Amino acid sequence: MKTPKTITGRWSSRLAFILASTAAAVGLGNIWKFPYITGENGGGAFVLVYLLCIAVIGIPIMMAEIIIGRRGRHSPGIAAATVAEESGRSRNWAITGWIGMATGFLVLSFYAVIAGWALAYVGEAASGAFVDKSVEEISGLFGGLVSSAERLLLWHGLILIAVALVVGRGLKDGLENTVRWMLPVMVALLIGIAIYAASIGDFAGAINFMFAPNFQDLTVNGVLLALGHAFFSLGLASGVVIMYGAYLPRETSVVQTTLWVALADTLVALLAGLAIFPIVFGSQLAPEAGPGLIFQSLPVAFASMPGGQWVGTLFFVMLVIAAFTSAIAMIESAVAFLQEKCDWGRWRATLVAVVVLWLLGLVTIFSFSGASWTQLEWQLPGKVITNWFDLIDYATGSILLPLGGLLLALFSGWVMTRAASQDEMDTHPRVYQLWLLMVRWVAPVIIIIIFLQLIGVVSF
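Scoring rules and cut-offs
Residues numbered from 1 in each chain as written. Predicted model: local features only at pLDDT ≥ 70, side-chain atom pairs only at ≥ 80, totals over all residues. Heavy atoms only, no water. Helix = DSSP H or I, 4+ residues; strand = E, 2+ residues; numbered from the N terminus. Rg over C-alpha atoms; globule rule 2.2 N^0.38 Å. Buried < 20%, exposed > 50% of the residue type's maximum accessible area, 1.4 Å probe, protein only. Contact = heavy atoms within 4.5 Å. Areas by Shrake-Rupley, 256 points an atom, 1.4 Å probe, with all protein chains shown as cover. Axes fitted to C-alpha atoms, helices over the stretch in contact; angles between N-to-C directions. Left-handed = near helix turned anticlockwise from the far one by under 90°. Nonpolar A, V, L, I, M, F, W, Y, C, P; charged D, E, K, R; others polar. Salt bridge = Lys/Arg side-chain N within 4 Å of Asp/Glu carboxyl O. Polar contact = N/O pair within 3.5 Å; in protein donor to acceptor, adjacent residues only side chain to side chain. Patch = residues over 30% accessible without salt bridge, like charges linked within 9 Å, V, L, I, M, F, W, Y side chains within 5 Å. Arc of directions from axis to C-beta. 1 Å grid on protein atoms, 1.4 Å probe; cavity = no way out; pocket = protein on both sides within 12 Å on 5 of 7 lines; lining within 4 Å. Points joined across faces, edges and corners; volume = space filled by probe spheres on them. Phe/Tyr/Trp six-rings, centres within 6.5 Å; stacked < 30°, edge-to-face > 60°. Lys NZ or Arg CZ within 6 Å of the ring centre and 35° of its normal.

Now for the overall build of the chain. Along the chain, the regular secondary structure elements total 19 helices and two strands. Against the 2.2 N^0.38 benchmark of 23 Å for 460 residues, the chain shows a C-alpha radius of gyration of 21 Å, consistent with a compact globule. Each principal axis of the C-alpha distribution contributes one length, and for the chain these read about 65 × 50 × 45 Å. Residues counted as buried form 60% of the 460 residues belonging to the chain. Here the contacts in the chain between residues at least 6 apart in sequence split such that 80% fall between residues at least 24 apart. A total accessible area of about 17200 Å² is found for the chain, and carbon and sulfur atoms account for 66% of it.

Next comes the structure, spelled out in structure tokens:
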């Protein structure tokens, strides 16, 4: 098969790459998912395991993805095949990139639906829909939203139209220009809300919950969830980092930029917890409220707080921005692939990708609205699957993302030649050796052990 021409687009600067990668990483994973899975898994112990996963596995694999993308200069699957061929290995190693791209597409199929919830809640909060409402009434508002396929189709469609309008304009005019202003606005809003939460909520209770480990509440499934979330929150094994790496100028340091992105992403995740949990504890709400924590529990708190109507509005604006900057990143590899494979123009490739995503999103929408064809009754290790959304969420977060990370570690550590990876890393020999140790041995062993524990092959 003839390999398409290499990608010629480049980020305008190192800062542009850091902003774009941070914006891609900082999304619903940090602000919607991180607080509620922390609440479900005992707080501080889960946070500690999550941070360890970021440091020991997330950062080395992010570096691996960047060097694969920059070395291959293609969309993820073709980039992996190109690098494998250069290293004298089979092009079948392209599966490393294909799994990532497919995983990212599946994640985005429900991610855009959740982003639609946030967009709908901007209007609800601004109109005062939460003011003077009881817990039951606010829960009814949320239930009415997620059970209405018509409303979800509207909000989901609006999110994807906005994604198309940005991505269709290309790398610099679309993605880069958008994240240059969206990311600072989002972080400023989050900091402001965190300060407000600390001043009116139970800040001490939030600190104790998030940073005082209680390992009795942490299960093996919680450890796997922490690993999967480390991948989810950094955008790893989803095609994003390989794709963004393909646009990275040769002179940009892989090590330094990765550390900046990982640090920024982790700080935002922790900041999101500090913005949410003081309100949760100050209002005597349950931190383990699950996916409804932000869309049911927080509006209850906003309804009774001074200035809660406007704080709630800004919170959901911030959530929409976070979701949107990740969405435009997750669709980019599919758009680039269609351009390469089909020789299509940017707008045509974008529109086709968006239409397919909209159709896949129907599975999530009708899962929440209770359509009979989406309902399941599966008991998996540590997880009850009740509908197709649950299955996609479990498959991507707990299986495909860690599996993709395992393949990326094996590919960069064993398939790619040391000469090629060292050339791309372009760093101190000791730093390179440490990275190589992590991707060859540490990351694969940890991922495999957690998988074996989950399926009951080994126990501790």
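There's plenty left to go through after this.
One way to put it is that helix 1 (residues 14-25) packs onto helix 12 (residues 254-282) with a least axis distance of 9 Å and a crossing angle of 35°. Crossing handedness for the pair helix 1 and helix 12: right-handed. Note on element contacts: helix 12 touches helix 1 through Q256, T257, W260, V261, A264 and D265, opposite R14, F17, I18, S21, T22 and A25. Looking at the contact of helix 1 with helix 12, its residues break down into six nonpolar, four polar and two charged.

This brings us to the pattern of salt bridges. Evaluation of the coordinates by the stated rule reveals 10 salt bridges. Among the salt bridges present, the one from E86 reaches R71, with a minimum N-O distance of 3.1 Å. One end of the pair, E86, is in helix 4 (residues 76-86); the other, R71, is in helix 3 (residues 44-72), and 15 residues separate them in sequence. The class of E86 is partly exposed, set by a relative accessible area of 47%. Since its relative accessible area comes to 25%, R71 is described here as partly exposed.

Here we come to the side chain of S238. Mapped onto the secondary structure, S238 falls in the loop between helix 10 (220-234) and helix 11 (240-246). There is a polar contact of 2.7 Å between the side chain of S238 and the backbone oxygen of G235.

A cluster of nonpolar side chains, L154, L158, I161, L165 and W347, forms an exposed patch at the surface whose accessible area comes to about 480 Å². A per-element tally of the nonpolar patch places helix 7 (residues 149-167) first, with four residues. For L158, the location among the structural elements is in helix 7.

In this section: helix 9 (residues 203-211). Since one α-helical turn is 3.6 residues long, residues separated by three or four positions face the same way. Every buried residue belonging to helix 9 is among G205, A206, F209 and M210, and all of these are buried. Buried residues of helix 9, seen end-on, are gathered within an arc of 120° and therefore sit on one face of the element. Exposed and facing more than 90 degrees away from the buried side of helix 9 are A204 and N208. Buried-residue contacts for helix 9 involve helix 2 (28-40), helix 3 and helix 12.

This paragraph deals with empty space enclosed by the protein. Per the counting criterion, the structure on display carries two cavities of 30 Å³ or more. Lining the largest cavity are 19 residues, and of these A24, Y111, F232, G235 and M330 sit closest to its centre. Taken together, the elements giving at least two residues each to the lining of the largest cavity come down to helix 1, helix 2, helix 5 (95-126), helix 10 and helix 14 (308-330). Its residues placed into classes, the lining of the largest cavity shows 12 nonpolar, seven polar and no charged. Forming the boundary of the second largest cavity are F17, S21, A24, A25, M62, L234, G235, V240, V241 and Y244. Residue assignment for the lining of the second largest cavity shows that the elements contributing at least two residues are helix 1 and helix 11. The element that contributes the greatest number of residues to the lining of the second largest cavity is helix 1, accounting for four residues. Its residues placed into classes, the lining of the second largest cavity shows eight nonpolar, two polar and no charged.

Okay, the packing of aromatic side chains next. All chains considered together, the criterion is met by 26 aromatic pairs. Ring pairing ties together the aromatic residues F110, W117, Y121, F130, F142, F295, F302, F315, F316, F368 and F389, which thus form one cluster. When the ring centre of W414 is taken as origin, the NZ or CZ atom of R440, which lies over that ring, is 4.2 Å away.

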